[in-house]
Amino acid sequence: MKTKTLLELLTLSSSLYFIAKDTELLDKLYKYSEQGKDNLNKIMSEKQLDDNGNELEFVDKIILKTNELKEELEEKIEELVVKFYKKINVAHLDEIKALNERLEKLNSTVALLEARINHLEA
């Protein structure tokens, strides 16, 4: 009977722990959504002008901001991919080409050295 009670208490405490974690997650999501609303309101309240000096419409502001965020995201992804390649030591295509060129130069140097040795032996 005591073991059963201990298991029930353990199960109850773990359930409470996961519920508490879920509420923390919901609080974080709420905080991020509020920050997103504030940022969106800030962006929309700013006056942005097009090339002709006319104020941009709401949809145009969203498109402009979306393009800016897309460019930032692409730059960050590129940086992360380069870091990842370096971390796992995968050769990039440019590195492979540079190594092939270096190998060709070394092969030609070895051929010249062999020719000199053959000439000296003769």
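Note that the structure is predicted; figures quoted are calculated from it, not measured.

Peer 1: Explain the overall build of the protein chain here, please?
Peer 2: Scanning the protein chain for helices and strands turns up three helices and zero strands. Along its sequence from the N terminus, the protein chain presents helices and strands in the succession α-α-α. A total accessible area of about 11700 Å² is found for the protein chain, and carbon and sulfur atoms account for 60% of it.

Peer 1: Got a minute to help me understand a nonpolar patch on the surface in this structure?
Peer 2: Together, Leu73, Ile77, Val81, Phe84, Tyr85 and Ile88 make up a nonpolar patch on the protein surface, roughly 530 Å² of accessible area in all. By secondary structure assignment, the location of Tyr85 is in helix α2 (residues 58-88). Note on Tyr85: relative accessible area 32%, which makes it partly exposed.

Peer 1: How do you make sense of a negative patch on the surface when you look at a structure like this?
Peer 2: On the surface, Glu71, Glu72, Glu74, Glu75, Glu78 and Glu79 cluster together into a patch of negative charge. If you trace the backbone, Glu79 turns up in helix α2.

The rules behind these values
- Residues numbered from 1 in each chain as written.
- Predicted model: local features only at pLDDT ≥ 70, side-chain atom pairs only at ≥ 80, totals over all residues.
- Heavy atoms only, no water.
- Helix = DSSP H or I, 4+ residues; strand = E, 2+ residues; numbered from the N terminus.
- Areas by Shrake-Rupley, 256 points an atom, 1.4 Å probe, with all protein chains shown as cover.
- Patch = residues over 30% accessible without salt bridge, like charges linked within 9 Å, V, L, I, M, F, W, Y side chains within 5 Å.
- Salt bridge = Lys/Arg side-chain N within 4 Å of Asp/Glu carboxyl O.
- Buried < 20%, exposed > 50% of the residue type's maximum accessible area, 1.4 Å probe, protein only.
- Lys, Arg positive; Asp, Glu negative; His and termini not counted.
- Charge placed at Lys NZ, Arg CZ, Asp CG, Glu CD.

Note that all results are geometric; they support no functional claim without further evidence.
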